[in-house]
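Structural overview for review
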Amino acid sequence: MDWLFSWYYRIKRWFVKRGLIKALEAEKIEAEFAEEFLKILLNLMSLSFIIDKEYREYIKGFTGIIQFRSKDNEIRVLAIFNNGNLIAKELKPNEVLVKKPNVSVVFKDPIALINFLLPKGGKRDILRSLLNNEVILKGNLNYIYRFGFLANHLQLEQNFPIPKFLYKN
């Protein structure tokens, strides 16, 4: 029955993203909104790790720090993975950036961050963002690919529950 609503969810997501992009382009929404959106996504992901045992298995034994920030340092959020837990932390303006995160993602502007979080066609691809000169990556790319996998998995389960037999051994 979920396949009936998949088009509805796609259209709804398209309207939400279009509204966000228009608002950002019109400078109605500042970088704070994009930062809050990223923090909400990370907190939702963290909550899913607590609730869903199978989802938590994906980060079992995984340790790493992913630093998201904008070029002008308006957006500064850390995703700290530590053995089955995720902690989202916003850095205050006077706090020093983490010296050696596993990967650092530097976004050109808030629109680039929204484009990364809500990609066209629903397929998150960091390479597309790199080719469009919207992001700069520093560090190990495997960490950002894992983050993309986790975010896509969370998004797919919200829109269209994945049958358990498809991703089990």
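Residues numbered from 1 in each chain as written. Predicted model: local features only at pLDDT ≥ 70, side-chain atom pairs only at ≥ 80, totals over all residues. Heavy atoms only, no water.

Observations concerning the pattern of salt bridges
Taken as a whole and judged by the stated rule, the model has 3 salt bridges. For the salt bridge of Glu36 with Lys39, the shortest nitrogen-to-oxygen distance reads 3.1 Å. One end of the pair, Glu36, and the other, Lys39, are both in helix H2 (residues 31-51), 3 residues apart, so they sit about a helical turn from each other. We note a salt bridge from Lys39 to Glu90, for which the minimum N-O separation is 2.5 Å. Here Glu90 lies in strand E3 (residues 86-90) and Lys39 lies in helix H2, a separation of 51 residues in the sequence. (Salt bridge = Lys/Arg side-chain N within 4 Å of Asp/Glu carboxyl O. Helix = DSSP H or I, 4+ residues; strand = E, 2+ residues; numbered from the N terminus.)

Points about the environment of Glu35
Within the secondary structure, Glu35 is located in helix H2. In contact with Glu35, not counting residues within four places along its chain, are Glu74, Ile75, Arg76, Val77, Glu90 and Leu113. Polar side-chain contacts of Glu35 include one of 3.0 Å to the backbone nitrogen of Arg76. (Contact = heavy atoms within 4.5 Å. Polar contact = N/O pair within 3.5 Å; in protein donor to acceptor, adjacent residues only side chain to side chain.)

Considering the pairing of strand E2 (residues 76-82)
Counting buried positions along E2 yields 5 of 7 residues, so the element is predominantly enclosed. Bridge count between strand E1 (residues 63-70) and E2: 7 bridges; the pairing is antiparallel. Looking at E2, one finds that Arg69 is bridged to Arg76. Two successive antiparallel strands, E1 and E2, enclose a turn made up of 5 residues, where Asn73 displays a positive phi of approximately 60°. Pairing of E2 with E3, which is carried by 5 bridges, proceeds in the antiparallel orientation. Bridging across to E3, Leu78 finds its partner in Lys89. Between the antiparallel neighbours E2 and E3 lie 3 residues, among them Asn83 with a positive phi of about 50°. (Buried < 20%, exposed > 50% of the residue type's maximum accessible area, 1.4 Å probe, protein only. Pairing = 2+ DSSP bridges.)

Details of the side chain of Ser104
Inspection of the secondary structure puts Ser104 in strand E4 (residues 103-107). Polar contacts involving the side chain of Ser104 include one to the side chain of Gln67, which spans 3.3 Å. Once residues within four sequence positions are removed from consideration, Ser104 is found in contact with Gln67, Arg69, Ile136, Leu137 and Lys138.

Section: a nonpolar patch on the surface
Residues Trp7, Ile11, Trp14 and Phe15 make up a contiguous nonpolar surface patch of roughly 490 Å² in combined accessible area. Considering the arrangement of structural elements, one finds Trp7 in helix H1 (residues 2-25). Given the relative accessible area of 55%, Trp7 is considered exposed. (Patch = residues over 30% accessible without salt bridge, like charges linked within 9 Å, V, L, I, M, F, W, Y side chains within 5 Å. Areas by Shrake-Rupley, 256 points an atom, 1.4 Å probe, with all protein chains shown as cover.)

What about the environment of Asn102?
One can find Asn102 in the loop between E3 and E4. Accessibility expressed as a relative area gives 27% for Asn102, which makes it partly exposed. Spatially, the C-alpha atom of Asn102 lies 8.8 Å from that of Leu141, the residues being 39 residues apart in sequence. Once residues within four sequence positions are removed from consideration, Asn102 is found in contact with Gly64, Ile65, Lys138, Gly139, Asn140 and Tyr143. In this structure the side chain of Asn102 is engaged in a polar contact, spanning 3.4 Å, whose partner is the side chain of Tyr143.

Observations regarding the packing of aromatic side chains
For the coordinates displayed, the defined rule picks out 8 aromatic pairs. With a centroid separation of 6.4 Å and an interplanar angle of 15°, the aromatic rings of Phe68 and Phe107 are classed as stacked. On the criterion of sequence distance, the pair formed by Phe68 in strand E1 and Phe107 in strand E4 is long-range, its members being 39 residues apart. A relative accessible area of 1% means that Phe107 is categorised as buried. (Phe/Tyr/Trp six-rings, centres within 6.5 Å; stacked < 30°, edge-to-face > 60°.)

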